Amino acid sequence: MEYHPKFRLILHTKYFNPHYKPEMQAQCTLINFLVTRDGLEDQLLAAVVAKERPDLEQLKANLTKSQNEFKIVLKELEDSLLARLSAASGNFLGDTALVENLETTKHTASEIEEKVKEAKITEVKINEARENYRPAAERASLLYFILNDLNKINPIYQFSLKAFNVVFEKAIQKTTPAKEVKQRVMNLTDEITYSVYMYTARGLFERDKLIFLAQVAFQVLSMKKELNPVELDFLLRFPFKAGVLSPVDFLQHQGWGGIKALSEMDEFKNLDSDIEGSAKRWKKLVESEAPEKEIFPKEWKNKTALQKLCMVRCMRPDRMTYAVKNFVEEKMGSKFVEGRSVEFSKSYEESSPSTPIFFILSPGVDPLKDVEALGKKLGFTIDNGKLHNVSLGQGQEVVAEDALDMAAEMGHWVILQNIHLVARWLGTLDKKVERYSLGSHEDYRVFISAEPAPSPESHIIPQGILENAIKITNEPPTGMHANLHKALDLFTQDTLEMCSKETEFKCILFALCYFHAVVAERRKFGAQGWNRSYPFNNGDLTISINVLYNYLEANTKVPWDDLRYLFGEIMYGGHITDDWDRRLCRTYLGEYVRAEMLEGEILLAPGFQIPPNLDYKGYHEYIDENLPPESPYLYGLHPNAEIGFLTVTSEKLFRTVLEMQPKETDSGAGTGVSREEKVKAVLEEILEKVPEMFNMAEIMAKAAEKTPYVVVAFQECERMNILTNEMRRSLKELSLGLKGELTITTDMEDLSMALFYDTVPDPWVARAYPSMMGLAAWYADLLLRIRELEAWTTDFALPTTVWLAGFFNPQSFLTAIMQSMARKNEWPLDKMCLSVEVTKKNREDMTAPPREGSYVYGLFMEGARWDTQTGVIAEARLKELTPAMPVIFIKAIPVDRMETKNIYECPVYKTRIRGPTYVWTFNLKTKEKAAKWILAAVALLLQV
């Protein structure tokens, strides 16, 4: 077989994966990608043709061989001729042997020339026939490089070229035959795509499957030239116009900014004016349950699938995961989105002594039951000594090594659980697995399980193990229905009958099962679910039930308070590190576990009453018949919480796909502008607008006395100087690097990547305030903050209304309100608190600052809304995720004057990340029970 000259590079850079320094890596990436994709394609073409048309491949090999032989013969003739010429002395023509040799050489050379001509014609024919199969090889090469990029999502997703080749060859064998070559090649391409998808998808988490699918669909269509790169770039980046106000009530300002940006393209001309003109028709589309499936108004219904995706991206970002699924189904076929899982026995058939099976673990799932069940069928059990199950940690490494040695020799199975717990031993394991991959007993198999690392930096599983193994993910069931059944499955009819206080025990047990399912599944709502992520597990529930049993047996009356404390503060609370999350956990138990439940008067969720006294099977049936369909209401949240979490998911999907776009072309995702030009343009635009630094000496001289407010202004100006100084320095450095006047360093490389992808560079983030905005919106926001500071520091008069979100440190401003009022009234600072009164006015209506305290604006409520008429918190309106608050009047009062009745202690956060961005607690008036707002995760945000 003839190897493509560039193929060596593939093996070198991708298969053996040397670890370069980042600087080298940056320079290699481009060359590496360009060379290897062609090289791999030719290599795979040879493999397809060898399988499909062995005659052609044989002919080609023979041809190559004979051409090489011709070269050798000519070289030998040439050498002997030169030798004779140099040996001949004087009379050349008299040397008959020499003359005869010349004649022979001439004759042979012309014969060979004829054969070479014939060979060239044959070669052209062979190549023409081989070229028919190129689309299949081209597709396979594309897929391998998409696979190879998946480790950007999670370093546990590693795939080797060797394993890929096996999948590729099996796909060729599985392809449906066809009489026509053209049809056969289409079948091959389709089967290869599907086989690679199935092989990869079983080792990806659910959340990453769609990213992989979208990337495959976009790349395949780009290769066929069926996608407009400018439209794809819009979809992935979403470059909305900042600062525009939506003229229609059914579109958010950001969505309208997207429509405005889209309308500048020829294909979407007049989209903005059309939406304004036919608002009714568009409103119906936007507010429908599944807008991605609806027919668009007027001529917009004739747009391509990608153009419709761009429009839905502006109007309903929360529906994009569904819209992308539909797009993939339309373009690639429904089998890609069916979500069929591969049976474990099928995956086992693909394993071998050199191909282990690697389970990527999720909390609360035990994949090894499958291994044991299959082992039982095939005669590998712990009882007959042919199955070795080693749970790693606490000195089990030696046991594992012995098991591997024995299994490789005798043909046994070895299960190695939780290898992530033994970081130091992984190198030894890697070498052992590699050593036994050849020459072992044919029945020998290794099954490995490990949790993925929480961050790429802490990833420790060796590449060798991951690349060659068949990876399988096992995820816990999703949704309340599955989780509630799963919680109940931890018990049996015997459990239900074990307590003497049967009614109380069963009732509380069921409520705890519901509570367990809620706290575990609430995670999916991100920061609105929990401020931080906690590893709640089955053990928490089973131990709680044991505690319940002991306490009920030991007491004549049910000790409600004790039970709630044990479950909420110790069993589950033991995981919890955030005070607001602790309050949430406590509130759930306060709602679910109380004396009224024995009368059956408690609703665990709207429309779901606590069940009567039933048997074990009866409880499962009760869930099936009575649990309402999946919705945020089951968790005490508002339906908007789902819109928020779906929007975040879709933003992550597009961001990841954007970062995985191939970099082999120099143009920025095909927009006609090269990466470098785009970076230069962004760089110049920012540098041009960065204002001068604040002159601290001048500002300090202006302030007559250093009041608490003046000190806050000083601190803010200083922090702003540190940030803008770093921005100026790093941008100027990169500018010189791009001009070739400085060597490009990794820092400059990172900065240019951030500018290209519209993300805020890390060194700026480290010196700035928390924010979730993209670079363009973040920069517009930064300039507004600077303008506010400039206005404030001209005369140090407190603004009529203060933009609370405009501070690096809003806490310092709120503390200044307390300090200035404490000085004025001579109150002790530690006996004071802030009083918060929501006015009925907006910022524009305010004419003068208050006599004491301050008016603040720019806050948003998440999880509910503020009802200005009645002056209390009210249920949120659908699709209004973060309604703006009116102006708030904040002043300081002595703690004993604080109102404690009918209030909700509402946390204030800087961004939607919540958790670490906590600022203060505002007491807001409510007519409803505070518990309602606690479960709904109601909070005030300074930035959305």
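What counts, and at which threshold
- Residues numbered from 1 in each chain as written.
- Predicted model: local features only at pLDDT ≥ 70, side-chain atom pairs only at ≥ 80, totals over all residues.
- Heavy atoms only, no water.
- Pairing = 2+ DSSP bridges.
- Helix = DSSP H or I, 4+ residues; strand = E, 2+ residues; numbered from the N terminus.
- Axes fitted to C-alpha atoms, helices over the stretch in contact; angles between N-to-C directions.
- Contact = heavy atoms within 4.5 Å.
- Buried < 20%, exposed > 50% of the residue type's maximum accessible area, 1.4 Å probe, protein only.
- Polar contact = N/O pair within 3.5 Å; in protein donor to acceptor, adjacent residues only side chain to side chain.
- pLDDT = per-residue confidence, 0-100.
- Parallel < 35°, antiparallel > 145°, perpendicular 65-115°, else oblique.
- Left-handed = near helix turned anticlockwise from the far one by under 90°.
- 1 Å grid on protein atoms, 1.4 Å probe; cavity = no way out; pocket = protein on both sides within 12 Å on 5 of 7 lines; lining within 4 Å.
- Points joined across faces, edges and corners; volume = space filled by probe spheres on them.
- Core = buried A, V, L, I, M, F, W, Y, C linked by side-chain atoms within 4.5 Å.
- Phe/Tyr/Trp six-rings, centres within 6.5 Å; stacked < 30°, edge-to-face > 60°.
- Lys NZ or Arg CZ within 6 Å of the ring centre and 35° of its normal.

## Here's the deal with the sheet that holds strand β16 (residues 918-925)
Paired through their backbone hydrogen bonds, the strands of a sheet run either parallel or antiparallel. One open sheet holds the four strands; their spatial order is β11-β17-β15-β16, and the pairing between them is mixed. Of all the strands in the sheet, the pair left with one neighbour each is β11 (860-862) and β16. Here the average twist between neighbouring strands, direction ignored, is 35°. Sheet topology note: the strand β15 (residues 903-909)/β16 ladder contains seven bridges and is antiparallel. If you follow Tyr904 over to β16, its bridge partner there is Leu924. Against the sheet, helix α25 (residues 579-592) makes contact with β15 and β16, and its axis sits at roughly 145° relative to β15, the strand it touches most.

## Some details on the pairing of strand β4 (residues 445-450)
Burial within β4 is extensive, with six of its six residues counted as buried. Burial along β4 is two-sided: the face carrying Arg445, Phe447 and Ser449 and the face carrying Val446, Ile448 and Ala450 are both buried. Here four bridges tie strand β1 (residues 357-360) to β4, and the two strands are oriented parallel to one another. Note on β4: the bridge partner recorded for Phe358 is Ile448. When strand β3 (residues 413-417) meets β4, the two strands line up parallel, connected through four bridges. When the sheet's bridge partners are listed, Ile415 is paired in β4 with Phe447.

## So, the side chain of Arg237
If you trace the backbone, Arg237 turns up in helix α9 (residues 229-237). Arg237 sits in the buried class, given a relative accessible area of 15%. At 2.9 Å, the side chain of Arg237 and the side chain of Asp233 are in polar contact.

## Some words on the sheet that holds strand β14 (residues 888-894)
Pairing is mixed in the open sheet, where four strands are placed in the order β8-β10-β14-β9. Every interior strand has two partners, whereas the edge strands, β8 (801-803) and β9 (832-838), have only one. In this sheet, adjacent strand axes meet at a mean angle of 40° when their direction is disregarded. As paired strands, β8 and strand β10 (residues 854-857) are joined by three bridges and run parallel to one another. Residue pairing across strands places Trp803 opposite Tyr857, the latter belonging to β10. Against the sheet, helix α34 (residues 810-825) contacts β8, β9, β10 and β14, and its axis sits at roughly 50° relative to β14.

## Here's the deal with the confidence of the model for the protein chain
For the protein chain, the mean per-residue pLDDT works out to 88, and 94% of the residues sit at or above 70. Every residue in residues 1-35 is under pLDDT 50, and counting partners more than four places away or in other chains gives 51 contacts. Overall, residues 665-670 carries pLDDT values under 50, and its contacts beyond four positions in sequence, including any with other chains, amount to 15 contacts.

## As for the packing of helix α20 (residues 480-488) against helix α22 (residues 502-521)
Axis separation between α20 and α22 bottoms out at 9 Å; the angle between their running directions is 130°. Here α20 lies oblique to α22, going by the angle between them. As α20 packs across α22, the resulting crossing turns out to be right-handed. Together, Met480, Asn483, Leu484, Ala487 and Leu488 of α20 and Leu509, Phe510, Cys513, Tyr514, His516, Ala517, Val518 and Glu521 of α22 make up the contact between the two elements.

## Side note on α9
The buried count for α9 comes to seven of nine residues, which makes it a mostly enclosed element. By the N-cap criterion, in which a side-chain oxygen at the helix start approaches the backbone nitrogen of a residue two or three places on, α9 is capped by Asn228, the distance to Val230 being 2.9 Å. Just downstream of α9 lies Phe238, where phi reads positive at about 50°.

## Regarding empty space enclosed by the protein
Enumeration over the complete set of coordinates arrives at six cavities of 30 Å³ or more. Trp580, Asp581, Arg914, Ile934 and Ala937 are, among the 17 residues lining the largest cavity, the residues nearest its centre. Counting only elements with at least two residues in the lining of the largest cavity, the list comes to α25 and β15. Looking at the lining of the largest cavity element by element, the count peaks at four residues for α25.

## Some points on the environment of Tyr635
Relative to the elements of secondary structure, Tyr635 occurs in the loop between α26 (616-626) and α27 (640-659). The exposure class assigned to Tyr635 is buried, which follows from its relative accessible area of 0%. Apart from the residues within four sequence positions on either side, Tyr635 is in contact with Gly479, Met480, Val518, Glu521, Arg522, Lys524, Phe525, Tyr588, Glu630 and Leu935.

## Description of α20
The set of residues buried in α20 consists of Met480, Asn483, Leu484, His485, Ala487 and Leu488. Contact partners of the buried residues in α20: α22, α23 (538-554), β7 (608-609) and α26.

## Let's talk about the nonpolar core
Proteins that are soluble and globular tend to have nonpolar side chains buried together. Core analysis: the biggest nonpolar cluster contains 266 residues, and Phe358, Tyr514 and Trp778 have the highest contact counts within it. For this core, the leading source of residues is α22, giving 13 residues. When near neighbours in sequence (up to four residues on either side) are disregarded, Trp778 contacts Leu723, Met727, Val760, Trp764, Ala768, Tyr769, Ser771 and Met773. Core analysis: the second largest hydrophobic core is formed by 14 residues, Leu374, Phe380, Ile415 and Ile472 among them.

## Remarks on the environment of Gly858
Of note, Gly858 is situated in the loop between β10 and β11. Accessibility expressed as a relative area gives 17% for Gly858, which makes it buried. Between the alpha carbons of Gly858 and Leu204 there is a distance of 41 Å; along the sequence they are 654 residues apart.

## Comments concerning the packing of α20 against α26
Here α20 crosses α26 at 175°, and the two axes come no closer than 10 Å. Between α20 and α26, the crossing angle belongs to the class labelled roughly antiparallel. The residues of α26 that touch α20, namely those facing His481, Leu484, His485 and Leu488, are Tyr616, Tyr619, His620, Ile623 and Asp624.

## Brief notes about the packing of aromatic side chains
Taken as a whole and judged by the stated rule, the model has 45 aromatic pairs. Centre to centre, the rings of Phe234 and Phe238 are 6.0 Å apart; their planes meet at 80°, and the pair counts as edge-to-face. The residues Phe234 and Phe238 share a single accessibility class, namely buried. Ring centres of Tyr769 and Phe808 lie 5.3 Å apart, and the angle between their planes is 75°; on these two criteria the pair is classed as edge-to-face. Taken as a pair, Tyr769 in the loop between α32 (762-767) and α33 (775-795) and Phe808 in the loop between β8 and α34 lie far apart in primary sequence, 39 residues in all. The buried category is assigned to Tyr769, whose relative accessible area is 5%. Judged by relative accessible area, which is 5%, Phe808 ranks as buried. Following the ring pairs from residue to residue traces out a cluster consisting of Phe510, Tyr514, Phe515, Trp530, Tyr534, Phe536, Tyr572, Tyr588, Tyr592, Phe608, Tyr619 and Tyr622. Directly above the ring of Tyr769 sits Arg785, whose terminal nitrogen or CZ lies 3.5 Å from the centroid.

## As for unusual backbone geometry
The phi angle at Asn270 is positive, at roughly 70°, despite the residue not being glycine. Looking at Asn270, the relative accessible area reads 49%, which means it is partly exposed. Of note in the backbone geometry, Glu826 takes a positive phi value of approximately 55° without being a glycine. Among the structural elements, Glu826 can be located in the loop between α34 and β9.

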